[in-house]
Amino acid sequence: MLTLLSSALSQGFAIAALGFAFALVYWSTRIFFVALGALFALAPFLVAALQPDLGVAGAVVSAVVAVTGLSLLLGWANHERLLRKGSPTGVHFACSLALYFLTAELIALRWGSDVQSLATLPGLSEIVGGRSFLLPTSQLVAMSLCIALVTAVFLVLRFSGHGVKLRALADNPVELSRSGYNPVLLRGMAFGVSGLVAGGASIAIAVDLAVGAHSGMGALIPAATATLLTPLGRWRSLLVWALSLGLLRTVVTFTTSGAWQDPVTLGLLLLGLLGRRLGGWKVWRPWGPGLVPRGAR
Amino acid sequence: MSYELHLLNLALVYGLSALGLSLCVGHVGQLSMAQAASFGVGAYAYAIFGVAYSLPSWAALGAAAGVAVAFSFLQGFIARSLAEDEFVFGTLAFNVMIAGLLFNGTDGTSRLGSLRNLTNGPYGITDVPPLPSRALGAEPWLLTLTIAFVVVILLITSYAAIASPWGRLLRAIRDSPTLALSLGKKVFSERARAAEVASFLGSMAGVLYASHARYIDPSVASTDLSVFFLTCLLLGGAASFWGPLLGSAGVVLLPEVLRLFGVGGATVASLRVIGYAAVLFALLHLRPGGLLSRGEQPGRRGAV
Amino acid sequence: MSSFLNGGCPPAVLRGLGLKKTFGSHVVFESLDIELRPGELVLLRGENGAGKTTLIDLLTGNQRADSGRLEILQEDGTTRVVDARRADPPTLARLGIVKCWQRPELFWSHSVRDNLRIASSGSEDSALRVLAQAVRFSKPGRVPATEEPDPYLAEFGLESLVERKVTALSFGQSRRVSLALSAIVGTRALLLDEPLASLDREGTKAVNQLLGQLVEEKKRAVLVVEHALNERLLAGFDYRVLELRSRRLERKEGGEPTSSGVGSPVDLWTGTLEGGTGLRRYGPVEPMGDGGFLLRFRSAPPEGSRPLLSLERLRVQRGAWELFSPQRGQGDGLSMAIHSGDVAVLLARNGWGKSSLAKVIAGDLPATAGQVLLNGQPTLDLPSWARRRQGLLYTETANALFGNLSVAETLRLKVGSESLDGLRLAPHREVRTLSGGERQRLALHCALNAADSRLLVLDEPFNGLDRETVARWLELFEAAALQGKAILICLPA
């Protein structure tokens, strides 16, 4: 029972962390930053590769910096460019998906298709081996890191005023620019922080479980599900959804098998999206699928 | 089977699927990531009927077509209920789900075709009957001919639909769903219809693929394949008739270029995916073509 | 409310009964009744924010009411009742009730002929019908010539435009096509949201002609929402006036517009500005070419300082045409200079390019030739946020806010403080629940109170506002000008 609960919480906070990363970009730009999944997969491999030279702490910092930098690069070179051409969100999504596959395969080419766990790294294994409070220490460490990330993002958005700016960016980027705020910088910030959080979360998860070149999509799916089910801008609701998903997935794994997690998660997503359309939940667009033209109130 | 025939079969099959997808993506303007789901369902339906129930090839094809129709209603339901952002992600989710179900649809021990083992899971299904029949299976060119025959029939029907007032209505919906609604068009129904036809064509392409490859596994419904179809579509032009067909032919020939450079082994699989992804990326940046779902509205600029 | 007052009055073709609409705590109507009769033109008047567009939306299904019902009389004499809480545009369109948008919505990648055909073709419901249609055609890619003759081509004067792609139409032509599409489907009632807005003389004449045909010949019920300014353009018609005031609909007599728009626009605005404030016009009325004029007003005497804003031989590309060009009689391009303390008014008809000019000054649109100088410094490729930081504040009043933000958040973002300062709005209300008039007030408030702004460029800030409100804003503008700001206001002539 305790194992189930702790697994559920652990997975829940992991989903929340990645969900916050995904939502940072989606809620401010309507872009599905699917490539984030590949960055997520990349971080632990970087840590493992850099650890012999830089030590654990150095490797972790470098990996996070690298992933953040890559995220900024993708945001700028790919999405910013598409935005300037006025491409619809479908194109952003398809591009991001293409980049995901590209990156994931490159990781597989370089490091193979096996999963990477950081728990066995020298320097880390002493800390996270063994058990504390009846639970594996690695799990506690991973969970704490994810909680820390989620809290940090929430507090920063709340108290720095950036949360409002990002919401304004999603709504009317032209007007935001006219009000004196640089939207390219704001979007860059969203992408950068998104990469940072995803990288951190990935390293945390790799300490407890293991992450592979193709794990990105699997990690992204519950995160994106939680984001899409949450009304725009409601970070606390996102946390609740993430934890619920963690519980659901853990229960599914314990009762049937791990292979059913994703179908169930996605079934829930589809139900949620369909339910929203048909049942009329509070959607952030004023009427139907956003078809009332602007300006023709 | 000669290598050329193999490529020809693939080009025909992928072309059909890409054309189906173009109805949804190019003509109605909704990006669907679930074409591989239809493809996979068609392939598995044909394989199960042919192997587990030992139906003769044409009967299996007919039965699979029935399954394809039923499955298309599912896709239609999704298209009717979701729109824009949610539709894109919803179809991706749907695809992953279907692939997952195909992968998990087995308990490992039961007989294929029974409820406990519908799909043989990761092991796949072997000895899928070829077209036109097992007896004539020894003649590879006959298979190609049969595939071409079915494809051409479906292509003609599709062309008729695209060029008809219905096709024009789809493109009108793409241009301005608001206006279409306010003029009394059943926008969501028509989108659903387009998605259904797209799905049906994808499933039939899957059936033909299964009869060609003789062995299928869950990768036949993977998201990579959806991306692949999208690439075929964009390479040739999403909102035209010949575009998806030419694009598929082009994409099928691409790995042959790799082969010319003597690249082989395990890296080929990765490189192939990288290749398609890179091509898709380049296309999306250079000529998004039919993915620009709103036509060219005067005064419309890119976002800040 | 519903009665055959005059003998022989035909029964109402569209009735809205007991319509109620609220946005959160803001009640637009409590229980409104309205009816439209065939062959009748109704003008719906009302102050900005009274709910004219909301009413149209409720009648056509673009918004859902909190309660009420719609009754539509069919051609065969039966009445269809639709629950206003669940109405949607396709249902009502199929019953013959159609809204025509102010901003022309067309099928952008098709020709005019195809647009008309799409509108008139029935919805292809059954697969068999699709197949049958598909099999009928002869040449690949062409829709068969056996289709019915294109409706409304002749009547709406669109023959010459028939093969053109709608993206190549002028604004007035697009408006006409848009009306034609609505007329094809709106066989019972047409509800038009400002059909005369932004049209030049030729376009107005054409639209008036269409309205005449629709009402008098085809006996449709037509409801028109128009600004007070445009009411005089309906002078040739015999129309009923309904006014939305304090959530109720009142009948008004005759077709006398409430505002007396006598005199030329130059005199009108000079009178308005000089009348309520200490501003006085100075310098000559500068012609800006193609019918545009620049007026300058000041309350303090001009200093000989460098202009705050200076435009030099500006040329701008808009769609397929170039603005401020020799073709439009503007020679070398547009030039103007505005000094600190000026309240400048740019008066030009709709379509002249006021919005495009404002966007070029703001940095949203690039100029094809010429210069925009702020304080003597060329702005070159500075994006709009950089120009804002240099003190240039541009407000495109119609599009100046963020729907998902609350009033308080908007103030914090644009003004830097949350103080309401006389703005009578609840701080927690979300902007998208505000009416048009309230949004205008908020947008103007933000413009006037924003910190670090030296030059304000306002694009049609007074649309739909009444006399007193305009006068109050002008007083605030005068105060801002006295502090050294410069204000450029673009107004329709």
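## A word on the overall build of chain B
Link 1 in the chain: Helix and strand counts for chain B stand at 11 helices and zero strands.
Link 2 in the chain: In chain B, the succession of α and β elements from N to C terminus is α-α-α-α-α-α-α-α-α-α-α.
Link 3 in the chain: Across the 304 residues in chain B, those meeting the buried criterion constitute 61%.
Link 4 in the chain: In chain B, the share of contacts with a sequence separation of at least 24, taken over all contacts with a separation of at least 6, comes to 75%.

## Focus on the packing of helix 1 (residues 2-29) of chain A against helix 8 (residues 183-208) of chain A
Residues and elements named next belong to chain A.
Link 1 in the chain: Running from N to C, helix 1 and helix 8 point in directions that differ by 165 degrees, and their axes come no closer than 9 Å. Of the possible angle classes, the one that applies to helix 1 and helix 8 is roughly antiparallel. Our pair here, helix 1 against helix 8, has a crossing hand that is left-handed. Contact with helix 1, carried on its side by Ser10, Ala14, Ala17, Leu18, Phe20, Ala21, Leu24, Val25, Ser28 and Thr29, involves Arg187, Ala190, Phe191, Val193, Ser194, Val197, Ala198, Ala201, Ile205 and Asp208 of helix 8 and no other residues of that element.
Link 2 in the chain: By residue class, the composition of the contact of helix 1 with helix 8 is 14 nonpolar, four polar and two charged.

## Re the sheet that holds strand 8 (residues 221-225) of chain C
Residues and elements named next belong to chain C.
Link 1 in the chain: Strands sit in the order 6-7-8-3-9-10 across an open sheet of six strands; the sheet is mixed. Either end of the sheet is taken by a strand with one partner, and the two such strands are strand 6 (97-100) and strand 10 (248-252). Averaged over all adjacent pairs, the angle separating strand axes in this sheet is 20 degrees, with direction ignored.
Link 2 in the chain: In terms of strand pairing, strand 9 (residues 239-245) meets strand 10 through five bridges, oriented antiparallel. Across the sheet, residue Glu243 finds its bridge partner in strand 10, namely Glu250.
Link 3 in the chain: On top of the sheet, helix 5 (residues 171-185) reaches strand 6 and strand 7 (189-193); it is set at about 170 degrees to strand 6, its chief contact.

## Quick look at the packing of helix 2 (residues 36-84) of chain A against helix 8 of chain A
A packed helix pair is summarised by two numbers, namely the angle formed by the two axes and the spacing between the axes.
Residue and element names in this part refer to chain A.
Link 1 in the chain: Following both chains from N to C, one finds helix 2 and helix 8 inclined at 145 degrees, their axes separated by 8 Å at the closest point. As helix 2 runs across helix 8, the sense of the crossing is right-handed.
Link 2 in the chain: Here the residues of the contact of helix 2 with helix 8 sort into 20 nonpolar, 10 polar and two charged.

## Observations concerning helix 6 (residues 165-175) of chain B
Link 1 in the chain: The element helix 6 of chain B is extensively covered by neighbouring structure, given that 11 of its 11 residues are classed as buried.
Link 2 in the chain: For helix 6 of chain B, every residue scored as buried is listed here: Pro165(B), Trp166(B), Gly167(B), Arg168(B), Leu169(B), Leu170(B), Arg171(B), Ala172(B), Ile173(B), Arg174(B) and Asp175(B).

## Concerning unusual backbone geometry
Link 1 in the chain: Positive phi outside glycine occurs at Ser54(B), with the angle close to 50 degrees.
Link 2 in the chain: Residue position: Ser54(B) is located in the loop between helix 2 (35-52) and helix 3 (57-81).

## Thoughts on the interface of chain B and chain A
Link 1 in the chain: Listed by partner, the interface residues are 43 residues for chain B and 47 residues for chain A.
Link 2 in the chain: When contributions to the side of chain B that touches chain A are tallied by element, the ones reaching two or more residues are helix 4 (85-104), helix 7 (177-182), helix 9 (223-236) and helix 11 (266-286) of chain B.
Link 3 in the chain: If you tally residues by element for the side of chain B that touches chain A, the top one is helix 4 of chain B, at 13 residues.
Link 4 in the chain: Here the residues of the side of chain B that touches chain A sort into 27 nonpolar, 10 polar and six charged.

## As for the environment of Arg174(B)
All names here are of chain B.
Link 1 in the chain: With respect to the secondary-structure elements, Arg174 resides in helix 6.
Link 2 in the chain: On the neighbour-count criterion, Arg174 (26 C-beta atoms within 10 Å) is buried.
Link 3 in the chain: As for Arg174 and Ser248, which are separated by 74 residues in sequence, their C-alpha atoms are 24 Å apart.

## Topic: the pairing of strand 20 (residues 392-396) of chain C
Link 1 in the chain: Along strand 20 of chain C, five of the five residues are buried, which leaves the element largely enclosed by surrounding structure.
Link 2 in the chain: Because side chains alternate across strand 20 of chain C, one face comprises the buried residues Leu392(C), Tyr394(C) and Glu396(C), and the other comprises Leu393(C) and Thr395(C), equally buried.

## Focus on the domain arrangement of chain C
Link 1 in the chain: Assigned domains of chain C: these are domain 1 (14-122 + 150-252) and domain 2 (265-391 + 452-492).
Link 2 in the chain: Distance from the C-alpha centre of domain 1 of chain C to the C-alpha centre of domain 2 of chain C: 34 Å.

## Notes on the nonpolar core
Link 1 in the chain: Formed by 345 residues in total, the largest nonpolar core has its most connected members in Ala17(A), Leu18(A), Cys146(A) and Leu280(B).
Link 2 in the chain: The residues touching Leu18(A), leaving out its near neighbours within four places in the chain, are Phe40(A), Ala198(A), Ala201(A), Ala219(A), Leu220(A) and Ala223(A).

## Some words on helix 9 of chain B
Residues and elements named next belong to chain B.
Link 1 in the chain: Spanning 14 residues, helix 9 covers 21 Å between terminal C-alpha atoms, matching the ideal 20 Å at 1.5 Å per step.
Link 2 in the chain: Among the residues of helix 9, those classed as buried are Leu225, Ser226, Val227, Phe228, Phe229, Leu230, Thr231, Cys232, Leu233, Leu234, Leu235 and Gly236.
Link 3 in the chain: Phi for Gly237, located one or two positions after helix 9, is positive at around 120 degrees.

Procedures and definitions
- Residues numbered from 1 in each chain as written.
- Chains lettered and ligands numbered in written order.
- Predicted model: local features only at pLDDT ≥ 70, side-chain atom pairs only at ≥ 80, totals over all residues.
- Helix = DSSP H or I, 4+ residues; strand = E, 2+ residues; numbered from the N terminus.
- Buried ≥ 20, exposed ≤ 12 C-beta atoms within 10 Å, placed from the backbone.
- Contact = placed C-beta atoms within 7 Å.
- Axes fitted to C-alpha atoms, helices over the stretch in contact; angles between N-to-C directions.
- Parallel < 35°, antiparallel > 145°, perpendicular 65-115°, else oblique.
- Left-handed = near helix turned anticlockwise from the far one by under 90°.
- Nonpolar A, V, L, I, M, F, W, Y, C, P; charged D, E, K, R; others polar.
- Pairing = 2+ DSSP bridges.
- Domains from an automatic or database assignment.
- Core = buried A, V, L, I, M, F, W, Y, C linked by C-beta atoms within 7 Å.
- Expected span 1.5 Å × (residues − 1).

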